Amino acid sequence: LAAPDQDGWGLVKTFQTGDLTGARRKYKVHARLASVKAVLAPRKLFLVRHAESTWNRATRVGDVATMLSDVDHGLTKLGVKQCAELQRHVAEPPRTEAERAFLAAKKVFS
């Protein structure tokens, strides 16, 4: 494995487990070295409420059968669209001063 560089992370190396153990079943393992500083560096965590699910829609329209028919309610077509929109938005650089301030904040409470 390569030693960590200035940002504290080494290059990713891929191994086949069978290459190391002689086992017939092989799995890919990705590994890299990191400095203690890189591992303990502060990270940003964004908690985002999920997109519209079938449960959300059923409660809005009073569809009790849908609410009780399943315990794992998937996303609606609108929910899938909302996820794609969020993904595009997060990938873009901040557009407003409020977005820049939010991303620069140490803590945000809602």
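Small disclaimer: the values here were computed from a predicted structure and weren't measured. (Residues numbered from 1 in each chain as written. Predicted model: local features only at pLDDT ≥ 70, side-chain atom pairs only at ≥ 80, totals over all residues. Heavy atoms only, no water.)

1. A look at the overall build of the chain
- Of the regular secondary structure elements, the chain holds 6 helices and 2 strands.
- If you list the helices and strands of the chain from N to C, you get β-α-β-α-α-α-α-α.
- Rg of the C-alpha trace for the chain: 22 Å, well past the compact-globule value of 13 Å for 110 residues, more than 25% over.
- Here the C-alpha coordinates of the chain stretch approximately 55 × 50 × 20 Å along the principal axes.
- Counting every position in the chain, which comprises 110 residues, the buried fraction comes to 12%. (Helix = DSSP H or I, 4+ residues; strand = E, 2+ residues; numbered from the N terminus. Rg over C-alpha atoms; globule rule 2.2 N^0.38 Å. Buried < 20%, exposed > 50% of the residue type's maximum accessible area, 1.4 Å probe, protein only.)

2. So, a nonpolar patch on the surface
- Where nonpolar side chains cluster on the molecular surface, the patch consists of Phe-46, Val-48, Leu-86, Val-90 and Phe-102 and spans about 470 Å² of accessible area.
- As for its placement among the helices and strands, Val-90 is situated in helix α5 (residues 77–91).
- Its relative accessible area of 60% is what places Val-90 among the exposed residues. (Patch = residues over 30% accessible without salt bridge, like charges linked within 9 Å, V, L, I, M, F, W, Y side chains within 5 Å. Areas by Shrake-Rupley, 256 points an atom, 1.4 Å probe, with all protein chains shown as cover. Salt bridge = Lys/Arg side-chain N within 4 Å of Asp/Glu carboxyl O.)

3. Comments concerning the pattern of salt bridges
- Under the counting rule described, the total for this entry stands at 3 salt bridges.
- For Glu-52, the salt bridge identified is with Arg-60, shortest N-O distance 3.0 Å.
- When its relative accessible area of 10% is taken as the criterion, Glu-52 is described as buried.
- Look at Arg-60 and you get exposed, because its relative accessible area is 56%.
- Notably, a salt bridge pairs Glu-92 with Arg-95, separated by 3.6 Å at the nearest N-O pair.
- What makes Arg-95 exposed here is its relative accessible area of 53%.

4. Describing the environment of Trp-55
- Along the polypeptide, Trp-55 turns up in helix α3 (residues 54–61).
- The spacing of Trp-55 and Val-71 is 16 residues in sequence and 9.3 Å in space, taken between C-alpha atoms.

5. So, the side chain of Glu-52
- If you trace the backbone, Glu-52 turns up in the loop between α2 (36–40) and α3.
- One polar contact links Glu-52 to Thr-76, side chain to side chain, over a distance of 2.7 Å. (Polar contact = N/O pair within 3.5 Å; in protein donor to acceptor, adjacent residues only side chain to side chain.)

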